[in-house]
Amino acid sequence: MSVQELLQRVQCVITHIDEIMQQDIRPLLAVDIIEQLHRQFAVLAGGRGKDGAPIIMFPEYSGFSEVPEEDFLNVVTYLTSIPSLDAASIGFIIIIDRRKDKWSSVKASLSRIAGAFPGNLQLVLVLRPSRLFQRAIADIGLKLHKDDFKMKVPIVMLNSLSELHGYVEKTQLTRELGGSLEYSHSQWMHHRTAIENFALTVKSTAQMLQKFGTELAETELPNDVQSTKDLLTAHTDRHNNLKDELKLALRQGSTLSSCIKDHAARSESQQPNPDELENQTTVERLLAQLDETENAFEQFWSKHHVKLEQCLQLRHFEQDFREVKVCLDSLMDSLKNLSDTGDCVARVEHLLKDLKTLEEKAQPAVEKAQLHALHGDQLIQSNHYAVDSIRPKCVELRRVCDDFSNEAKKKSEILSKSLQIHMGIDKVNQWCESGIYLLASQAVDKCQSQEGAESALTDIEHFLETAEKNQITELRNLHNQFEVVLSEDVKGSVMKALKRLEDVQEMFEKRHVSLKRLSAKQPRPIQPVAPRPESSPKRPPQKTSPRTTGSQQPPNRKSSDNSSSVRPQTETDPNKKKNIRKTKGGIKIEVMHEESQGGSTHVPMSNESEESLSNRRRLIMTELIESERIYVEELQSIMEGYFAELSNLERSHHIPPSLENKKDVLFGNLPEIYDFHNKTFLMELENCAENPELVGTCFLRRKEELQVYEKYCQNKPRSEVVWRQCGDSLFFQECQKKLDHKLSLDAYLLKPVQRITKYQLMLKEMLKCSKGEGMAELEEALATMLDIIKSVNDSMHQIAITGFEGNLSELGKLLMQGSFNVWTDHKRGHSKVKDLARFKPMQRHLFLYDKMLLFCKKREESAEGHEKTPTYSFKHLLKMSSVGITENVKGDNKKFEVWYNGREEVYIIQQSEKWAWLRELAGS
């Protein structure tokens, strides 16, 4: 039932109530004239004439003439409106009892009734005064004044009750008139007021429902969950209140009906009079109207409540739809922003891992969206009123889920194919690197014999067999199969790897042909020739003039009697270390760290073909240039993605407070390094691509600019401290994510340190395959780079000195630094202390400057969760102007003495690089 239907039904109920209560002819209620009714000058006892006409009695009332006209009219009008319309249409019988009164009273009553009686009259019965004189006067008066009463009905003057009984049966008359009709005026008034009260209650209840329905008709359904909840609660409360009102009215009507029936049942001797029956009928009709009202209201409320609940379901559905849609749209954006290309296997694997993580993260949202769409289907199947609004949202949710799933599947397929491609590229590169190493490691002199050539040929053939085993040629098939979905960068990497494969295969073919030719020849006797001395990179001339005792030495520098001038130590130190490293291209490089860090023991094989050497030089040069380009790109990403962002005002609120005024500490002189490599060094290296022999000149020309690394490395410990303070901040995480870097900033800040050590490795490798032109420049460039590395290394240790109150910059150039076992043998001191000192060495780290020799104690310090970093606690210093040295200490060729002020202080020092230190001490 709609609101309009409810209002129509309720209006009908109100109209029926007015009809039942005859509100059109009886505007008054008993409660309005209760005092007048209490006087009983007119009574409707419930009796009926023989034809059913209602009887109104005017009992004896001494003050009848004094009753105000308005009161009389109100009472008579009210009494005539009580009988049913059918009974009233027959006409009323009026009985006027004036037996104890005078004619004047009869005359006055007839005149008032004739002039103001509102209903139809059938008969007027007058019990005239019983006294003889008054009765006679009454007869005469009636004849004389009959026309004055203006009544169109007969007026019958009765002398006794017996005559009255001839007109009206005794059962219809009260006991005062000789009848048997039970009548209680107070009970009658109680019933009348109760009935009218109930009628008002029913009407007011119906009007409340009418008002509630009108409000509902004017109320629009809310557009959000909370407002809908509030409206549902408010309407439910109103419904419950109205329901209570209806129940209360029903109880009131039922109670009234029971009272009327009970009262009628008390008179067992007679049936209820017509007025009592009409009262029962009136109450029953009112109860019926009330029941009709309740049924109409409940029908309406049932539908209205369902609509409100469906509205709340709809608002919840819409709210959940918006939340899920926003979440899925965000996940879709993240998915679209996830790169589907990578430059290496690790990067692609990382992207696949990110994709899997994103899919796992999105799974709850996708499931929620699917469940929500299913919930929408259930709402549609339950005949929801907003089907046209729900269905498109269900379709949209399923579309977004399908789009996300399809996009994720598409990216996964592309990345999987890209992974296969990159794995194929790596296989090719590894195979090529292994092949190049194999070719480079085959000694040419050994291949001159038939046996050596056959052995080398076997190695090559076995290696070539691994190409098929490792599916090296599969890369081209993968490229042809996946070419449509591959990016241009990946295609370029594939073509580069395939080109390299062709080059290496060509090298193997040529070597295979050469070895075939050699294995087929008969070997000729070869006269062994002593190899020429190994060349070493050029170094600045060393100071070789030792300080000796005697009159020619400076007056403040002394030497012991058993000391001699320091001899250049040319023999190779057996304790030198060998580290094996690989360049990015995969060529294996041996780096010999000699005592001076300046020499190279590698020379090219004199018997290797120039073509092979040229290929190796070209590969090394290509690797150097490619790695330089990558290095510059990495520096650029740091400068643009981190350094510049620190000056971005829009992101200033994300910058950690601990980084304030420490930007230059964190990055050091990285901008200077970037400018040098980006604007100068990379282009100069690229110019050497076709002439690798010029690379040495390139390094020598820029040896001053390369000194910038010393400042950067000196600042690195301070930079790491700042990074530990703020590296976990949201600012750096967002920058890393934006750059799509796999590693955090601190790993990229280590690139310059790694790069400066890379150059000397590449130069050494280049020396091994160089002859003639550019050889001297390469050797000098290598010596220069090793000097730079040594200077950087020394300065890195120097900045860790603590406790020295002087200015280190005033001590002159730092020549050497290193850790030693040190014994003391001073003239001054307790004998037991001296004895103890001879047997128990101290661990000291020495720093040799032009003017001073510093003794420090090395300490390992670390912050929680970080690697240990050494510091050097200052202990003692010696002025070099007062230092003497003794080369050999009896019993150990690794020990030497440093003594001070005529052997007042003697330090016995043990170090594996003894002769290098002696040269520097002697030259200081």
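The shown structure was predicted, so the numbers you read here are calculated from the model rather than taken from an experiment.

Draft legend 1. The overall build of the chain, seen in detail. Of regular secondary structure, the chain possesses 26 helices and 14 strands. Here the chain holds 924 residues, and the buried ones make up 46% of them. Only carbon and sulfur atoms are counted for the fraction: they give 49% of the accessible area of the chain, which is about 48,400 Å².

Draft legend 2. Molecular detail of the environment of Gln 843. Note on placement: Gln 843 falls in strand E9 (residues 842-849). Measuring from C-alpha to C-alpha, the distance between Gln 843 and Phe 820 comes to 6.0 Å, with 23 residues separating the pair along the chain. If near-sequence neighbours (up to four positions away) are discounted, Gln 843 is found in contact with Phe 820, Asn 821, Cys 856 and Lys 857. Within the local environment of Gln 843, its side chain forms a polar contact with the side chain of Asn 821, the two groups lying 2.6 Å apart.

Draft legend 3. Molecular detail of the packing of aromatic side chains. As enumerated under the stated definition, the model contains 22 aromatic pairs in all. On the numbers, 6.0 Å between centres and 85° between planes, the contact of Phe 58 with Phe 64 is edge-to-face. The exposure classification of Phe 58 matches that of Phe 64, with both residues buried. Centre to centre, the rings of Phe 804 and Phe 874 are 5.1 Å apart; their planes meet at 75°, and the pair counts as edge-to-face. A residue pair is termed long-range when its members are at least 10 positions apart, and Phe 804 in the loop between strand E7 (801-802) and strand E8 (814-824) and Phe 874 in strand E11 (residues 869-879) qualify at 70 residues. By relative accessible area, which is 19% here, Phe 804 ends up buried.

Draft legend 4. Layout of the pattern of salt bridges. Counted according to the given criterion, the structure contains 26 salt bridges. Note that Glu 196 is salt-bridged to Arg 192, the shortest N-O span being 3.7 Å. Of this pair, Glu 196 and Arg 192 both sit in helix H8 (residues 185-218), separated by four residues, roughly a single helical turn. For Arg 192, a relative accessible area of 5% gives the class buried. Among the salt bridges present, the one from Glu 897 reaches Arg 903, with a minimum N-O distance of 3.0 Å. Residue classification places Arg 903 among the partly exposed positions, given a relative accessible area of 27%. Connected through shared salt-bridge partners, Lys 325, Asp 329, Glu 396, Arg 399 and Asp 403 make up one network.

Draft legend 5. Spatial organisation of the pairing of E9. In terms of burial, E9 is largely enclosed, as six of its eight residues are buried. In the sheet, E8 pairs with E9 via eight bridges, with the strands oriented antiparallel. Across the sheet, residue Phe 820 finds its bridge partner in E9, namely Arg 844.

Draft legend 6. Focus on helix H23 (residues 751-768). Between its terminal C-alpha atoms H23 stretches 26 Å, which fits the 26 Å expected from 18 residues at 1.5 Å a residue. Most of H23 is tucked away: 14 of the 18 residues are buried.

Draft legend 7. Layout of the nonpolar core. One finds Leu 666, Phe 667, Leu 685, Phe 699, Phe 732 and Leu 745 to be the most contacted residues of the largest nonpolar core, which totals 58 residues. In this view, Phe 699 contacts Leu 624, Phe 681, Leu 685, Leu 706, Tyr 759, Leu 763, Ala 781 and Met 785; residues no more than four positions away in its chain are not counted. If you look at the next biggest cluster of nonpolar residues, it comprises 32 residues, including Val 345, Ala 369, Ala 386 and Cys 394.

Draft legend 8. Highlighting the environment of Phe 731. The topology assignment puts Phe 731 in helix H21 (residues 730-739). In the structure, Phe 731 is positioned 77 residues away from His 654 in sequence and 5.4 Å away in space, judged by C-alpha atoms. Setting aside chain neighbours within four positions, we find Phe 731 in contact with Tyr 642, Glu 645, Leu 646, Arg 651, His 654, Ile 655 and Pro 656.

Draft legend 9. Representation of helix H20 (residues 708-726) within the structure. With 19 residues, H20 ought to run about 27 Å at 1.5 Å a step, and its terminal C-alpha atoms sit 26 Å apart, in line with that. The sharpest bend along H20 comes to roughly 45°, located at Lys 716, with the proline Pro 717 sitting one to four residues further on. By the burial criterion, the buried members of H20 are Val 708, Tyr 709, Tyr 712, Cys 713, Asn 715, Lys 716, Ser 719, Val 722, Trp 723 and Cys 726.

Draft legend 10. Representation of the pairing of E8 in the model. Buried residues dominate E8, accounting for nine of its eleven residues. Sheet topology note: the E8/strand E14 (residues 905-910) ladder contains four bridges and is antiparallel. Bridging across to E14, Val 822 finds its partner in Ile 909.

Draft legend 11. Quick peek at the sheet that holds strand E1 (residues 55-58). Taken together, four strands build an open sheet; the order of strands is E1-E2-E3-E4 and the sheet is parallel. Of all the strands in the sheet, the pair left with one neighbour each is E1 and strand E4 (155-158). Adjacent strand axes in the sheet meet at a mean angle of 20° when their direction is disregarded. As judged from the six bridges shared by strand E2 (residues 92-97) and strand E3 (residues 121-127), these two strands associate in the parallel manner. Counterpart to Ile 93 in the pairing with E3 is Leu 123.

Draft legend 12. How the structure looks around unusual backbone geometry. The residue Gln 40 is not glycine, and still its phi comes out positive at about 60°. Tracing the chain through its elements places Gln 40 in the loop between helix H2 (34-39) and E1. For Gln 40, a relative accessible area of 34% puts it in the partly exposed group. Although it is not a glycine, Asn 661 sits at a positive phi angle of roughly 60°. One can find Asn 661 in the loop between helix H16 (610-643) and helix H17 (663-667).

Calculation notes
- Residues numbered from 1 in each chain as written.
- Predicted model: local features only at pLDDT ≥ 70, side-chain atom pairs only at ≥ 80, totals over all residues.
- Heavy atoms only, no water.
- Helix = DSSP H or I, 4+ residues; strand = E, 2+ residues; numbered from the N terminus.
- Buried < 20%, exposed > 50% of the residue type's maximum accessible area, 1.4 Å probe, protein only.
- Areas by Shrake-Rupley, 256 points an atom, 1.4 Å probe, with all protein chains shown as cover.
- Contact = heavy atoms within 4.5 Å.
- Polar contact = N/O pair within 3.5 Å; in protein donor to acceptor, adjacent residues only side chain to side chain.
- Phe/Tyr/Trp six-rings, centres within 6.5 Å; stacked < 30°, edge-to-face > 60°.
- Salt bridge = Lys/Arg side-chain N within 4 Å of Asp/Glu carboxyl O.
- Pairing = 2+ DSSP bridges.
- Expected span 1.5 Å × (residues − 1).
- Core = buried A, V, L, I, M, F, W, Y, C linked by side-chain atoms within 4.5 Å.
- Bend = angle between axes of the 7 residues up to and from the residue.
- Axes fitted to C-alpha atoms, helices over the stretch in contact; angles between N-to-C directions.

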